[in-house]
Amino acid sequence: MTFIKMNADGAFWEGWAGAGVIFRDEFGKVMGNGMLCVPLRKLARHQGAEFEALRVGLTVVVQRGYEYLIVELDNLDFVQFQDYSALATSRQGNKPVDTLALIACKMKFGEESSSTSEFQGFRSVSLSLLLRQTFFAARVSLSLSLTLIDEDERAYGRRVKKRVRKKMVYGMQPYGIQSMLKEGHKHLSGLDEAVVKNIDACKQLSTITRTSLGPNGMNKMVINHLDKLFVTNDAATIVNELEVQHPAAKILVLAGKAQQEEIGDGANLTVSFAGELLQNAEELIRMGLHPSEIIIGYTKAINKTIEILDELVEKGSEKMDVRIKEEVIKRMKAAVASKQFGQEDILCSLIADACIQVCPKNPANFNVDNVRVAKLLGGGLHNCTIVRGMVLKTDAVGSIKRVEKAKVAVFAGGVDTSATETKGTVLIHSAEQLENYSKTEEAKVEELIKAVAESGAKVIVSGGAVGEMALHFCERYKLMVLKISSKFELRRFCRTTGAVAILKLGRPNPDDLGYVDSVSVEEIGGVRVTVVRNEEGGNSVSTVVLRGSTDSILDDLERAVDDGVNTYKAMCRDSRMVPGAAATEIELARKLKEFSFKETGLDQYAIAKFAESFEMIPKTLAENAGLNAMEIISSLYAEHASGNSKVGIDLEEGVCKDVSTMNIWDLHVTKFFALKYAADAACTVLRVDQIIMAKPAGGPGKREQPAGMDED
């Protein structure tokens, strides 16, 4: 631990009081010095010179940002003033500063021409507060102030600080990294400053997400920078909307995002498990292990964990038909239950139907974008349905509201008269010419619409504006008109119907036309929506219509559907499954502990702590369900030790049961990536031994609050 030693002393000569300060590093090398001279008449007693020396030195300490300080004085009264272990008395070490103080007196260094009547001297100075703040704060980042008993003394304190700031020459040059970087930078190094503080930030983040783990996880109410409200227990949404600033905690956020993008589920497990690993690493560091030894142990542990995880895979689960609904629900149930506990049976059935409908011939090519969600207020979960096709939250433009077994023409540029590319002028000399011009425009639009109708299309879909004249002729030729403003929705509509989007209004080719079984405008919960069904055609889009009482409930239901769809995609790649309900974690913990006993080096402690970290999952599941965590964990260990490796927690009854009877299974690929990303994130944080932050770029300052307003 690096420290700075400060010697301070005062001296008197012909009516002047001088203060001297010398700073040395831990090796005794002089880093700098300072001097100050004050007329003796301004001090109430000779002890004031000693105090001036100490105060000047502490001012430098505050400005330089030193953390660990040892002060040597030759004044026994100061040392005995309070019982501070950091203060020491020394005659020998203070001889040089005594000389400095005397030189300051003789040279009248820092002299001021102020009248003595302005200064009443020090009668009560809170020296103990000043020393306590300087020596025992976690970091010296406070502005030096003197607590005086009346206004005259406060004025004197301000003048002394101003004189120290303006007229004192410290003679201290920046050294080390301070001389390399710009002023205003931050540099944190060592175990206490960098490693432990990083671990603490990650622990705080994992504490937030941990209580949302499992079926009984609590919701978080998050309001983002746009004042949008989120009420959810989905860890991916929580960490995304929190806007985490700490660089180490951001690593855990990135690990959670990587898990969400790779699998679509398990982000909470990633963040919470990484936080638990770092918390146990902190205990090992305090025991004396070096972070490098912990990283080696953690790396061995995660490699062994992956081996054990492969052994726990349920036999026969590697082969499955992703079009069998029962097999799909078995693997999807745990993921959906973690978001909507008690409603997983209804939701899993809906999601499985939607996914199976759009599953391609090669399941590995399954696209999650083909399962859409339409959220409509009103009703309840029992009103949710599946539509083989799309649900557009818009009404039809014209008066025709229903068409069956129709061909569809899609125009991306809109259904209206197209403007010319260059500007032109038309000279009209008579009313007859004006009438003919209008009739020509009408005839042109009618010709275009008639051509579309003759092609066999009964439905026109516009990606832009629909003109009044064009709509008039669409009504005449019995054409249904839909308007889809979003280009992404337009692409999905083309996928649903098999149509090709045409840029300009005109006669479409037969190959460009799509087909729908029915297009109808329906009213659901007071909202008019257009339902596009394609039961028989080559449909590749399916929509889950969700009903709920509030927007927050609908958003949470949508996240549960997303988790289920992503789980379906993951099982299309790898259908292997492992026991759920914390059975896998307890078995991993038990076998890893046995593995740690066989290791001989210091990394065995890290492996044991890695194994202990797995207990976080059953402990959190039990605590969130209001159960006794210690009893549950001890029961699980007892069952697994007797060979029942599939025993997990039954949260409804509060006992330990075989997961095969409860039908709770997790996907192997979800566990694999979650544990891998968590271990990688923990090792990345532990590898950091220094944090160097440059001075932030300038910008508009913080807007001042109106009078009487607080920061909130």
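Residues numbered from 1 in each chain as written. Predicted model: local features only at pLDDT ≥ 70, side-chain atom pairs only at ≥ 80, totals over all residues. Heavy atoms only, no water.

Cut-off, in case you're wondering: UniProt positions are given in the numbering used here, feature names are shortened, and annotations may be inferred rather than shown by experiment.
As annotated in an unreviewed UniProt entry, the protein carries the name CCT-theta and is attributed to Rhododendron simsii. According to the UniProt record, the Subcellular location (unreviewed entry) comment for the protein is "Cytoplasm". The heading Sequence similarities (unreviewed entry) in the UniProt record of the protein holds the text "Belongs to the TCP-1 chaperonin family."

### Comments concerning the nonpolar core
In summary, soluble globular proteins display a tendency toward joint burial of nonpolar side chains. Stated precisely, the cut-off is as follows: In this text, buried Ala, Val, Leu, Ile, Met, Phe, Trp, Tyr and Cys residues form a nonpolar core when linked through side-chain atoms within 4.5 Å. With a 1.4 Å probe rolled over the protein chains alone, any residue whose accessible area is under 20% of its type maximum counts as buried; one over 50% counts as exposed, and the rest are partly exposed. By definition in these notes, contact holds between two residues if any of their heavy atoms fall within 4.5 Å.
Counting 64 residues, the largest nonpolar core has Leu252, Phe273, Ile294, Tyr298, Leu592, Phe610 and Leu686 as the members making the most contacts within it. With residues near it in sequence (within four places) discarded, Leu592 still touches Ala301, Lys304, Thr305, Ile308, Ile607, Phe610, Ala611 and Phe614. If you look at the next biggest cluster of nonpolar residues, it comprises 34 residues, including Cys384, Val544, Leu557 and Phe673.

### Structural notes on the layout of surface pockets
Where we set the bar: Two kinds of site are reported from a 1 Å grid over the protein atoms alone, namely cavities, where a 1.4 Å probe fits but cannot get out, and pockets, open sets with protein on both sides within 12 Å along at least five of seven lines, and residues are called lining when an atom falls within 4 Å of a point. Grid points are joined across faces, edges and corners, and a volume is the space filled by probe spheres set on the points. Strands here are runs of E lasting at least two residues and helices are runs of H or I lasting at least four, both read from the DSSP assignment and numbered beginning at the N terminus. Residues are sorted three ways: Asp, Glu, Lys and Arg are charged, Ala, Val, Leu, Ile, Met, Phe, Trp, Tyr, Cys and Pro are nonpolar, and all the rest, Gly among them, are polar. For the purposes of this description, domain bounds are those given by an automatic or database domain assignment.
Looking at the second largest pocket, its volume works out to about 870 Å³. At the level of elements, α7 (235-242), α9 (267-287), α11 (325-337), α16 (551-573), α19 (616-624), β20 (647-650), β22 (665-667) and α22 (668-686) are the ones that each hand at least two residues to the lining of the second largest pocket. Among the elements that take part in the lining of the second largest pocket, α11 stands out by supplying five residues, more than any other. Here the lining of the second largest pocket is built from residues that sort into 20 nonpolar, eleven polar and twelve charged. Built from parts of two domains, the lining of the second largest pocket gets at least three residues from each of domain 1 (194-317 + 579-693) and domain 2 (325-384 + 552-575).

### Thoughts on the state of the cysteines
Under the convention used in this document: Two cysteine sulfurs form what is called a disulfide whenever their separation falls within 2.5 Å.
All chains considered together, the criterion is met by zero disulfides. With no disulfide partner, Cys355 has as its closest neighbouring cysteine sulfur the one in Cys572, 8.0 Å distant. When its relative accessible area of 14% is taken as the criterion, Cys572 is described as buried.

### A closer look at helix α20 (residues 629-641)
For an α-helix the count is 3.6 residues per turn, leaving residues at separations of three or four pointing the same way. So the rule is basically this: Multiplying 1.5 Å by the residue count of a helix minus one yields the expected span of that helix. The reported arc concerns the directions from the helix axis to the C-beta atoms and nothing else.
Its 13 residues give α20 an end-to-end C-alpha distance of 18 Å, which sits within 8% of 18 Å, the value for a rise of 1.5 Å per residue. The set of residues buried in α20 consists of Ala629, Ile632, Ile633, Leu636, Tyr637 and His640. Projected down its long axis, α20 shows its buried positions confined to an angular sector of 130°, all on one face. Seen from the buried face of α20, the exposed residues on the opposite side, beyond 90 degrees, are Met630, Glu631, Ala638 and Ala641. Along its buried surface, α20 packs onto α17 (583-598), α19, β20 and β21 (655-658).

### As for the sheet that holds strand β10 (residues 385-387)
Strand pairing in a sheet relies on backbone hydrogen bonds. The paired strands run either parallel or antiparallel. Threshold: A strand pair is defined by DSSP finding two or more bridges across the two strands. Axis definition: a line fitted to C-alpha atoms, over the contacting stretch in the case of helices. Angles run 0 to 180 degrees between N-to-C directions.
Taking strand neighbours across the sheet as the criterion, the three strands line up as β9-β18-β10 in an open arrangement whose pairing is mixed. Two strands close off the open sheet at either side, each with one partner strand: β9 (371-377) and β10. Neighbour-to-neighbour, the strand axes of the sheet open up by a mean angle of 25°, direction not taken into account. Packing of α16 onto the sheet brings it into contact with β9 and β18 (542-548), and relative to β9 it is tilted by some 165°.

### Topic: the packing of helix α8 (residues 247-262) against α22
In plain terms, the rule: By the definition adopted for this analysis, an angle is roughly parallel if under 35 degrees, roughly antiparallel if over 145, roughly perpendicular if from 65 to 115, and oblique otherwise. Left-handed describes a crossing in which the near helix is turned anticlockwise from the far one by less than a right angle; the clockwise case is right-handed.
The contact between α8 and α22 brings their axes to 9 Å, and the two run at 160°. On the basis of their axis angle, the class for α8 and α22 is roughly antiparallel. Crossing angle aside, the handedness with which α8 passes α22 is right-handed. Note on element contacts: α22 touches α8 through Thr670, Phe673, Ala674, Tyr677, Ala681, Thr684 and Val685, opposite Ala248, Ile251, Leu252, Ala255, Ala258, Gln259 and Glu262. Considered class by class, the residues forming the contact of α8 with α22 number ten nonpolar, three polar and one charged.

### Quick notes on the pairing of strand β16 (residues 514-524)
Across the eleven residues that make up β16, a large majority, eight, are buried. Judged from the six bridges that link them, strand β12 (residues 402-411) and β16 form a sheet pairing that is antiparallel. When the sheet's bridge partners are listed, Ala406 is paired in β16 with Val516. Joining the antiparallel neighbours β16 and strand β17 (residues 527-533) is a turn of two residues, in which Gly525 adopts a positive phi near 60°.

### Details of the packing of aromatic side chains
Put simply, the rule reads: Put simply, two rings from Phe, Tyr or Trp (the six-membered ring, in Trp's case) pair if the centres are within 6.5 Å, and we call them stacked under 30 degrees between planes, edge-to-face over 60, tilted for the rest.
Considering all chains together, one arrives at seven aromatic pairs under this definition. One aromatic cluster in this structure is built from Phe273, Tyr298, Phe610 and Phe614.

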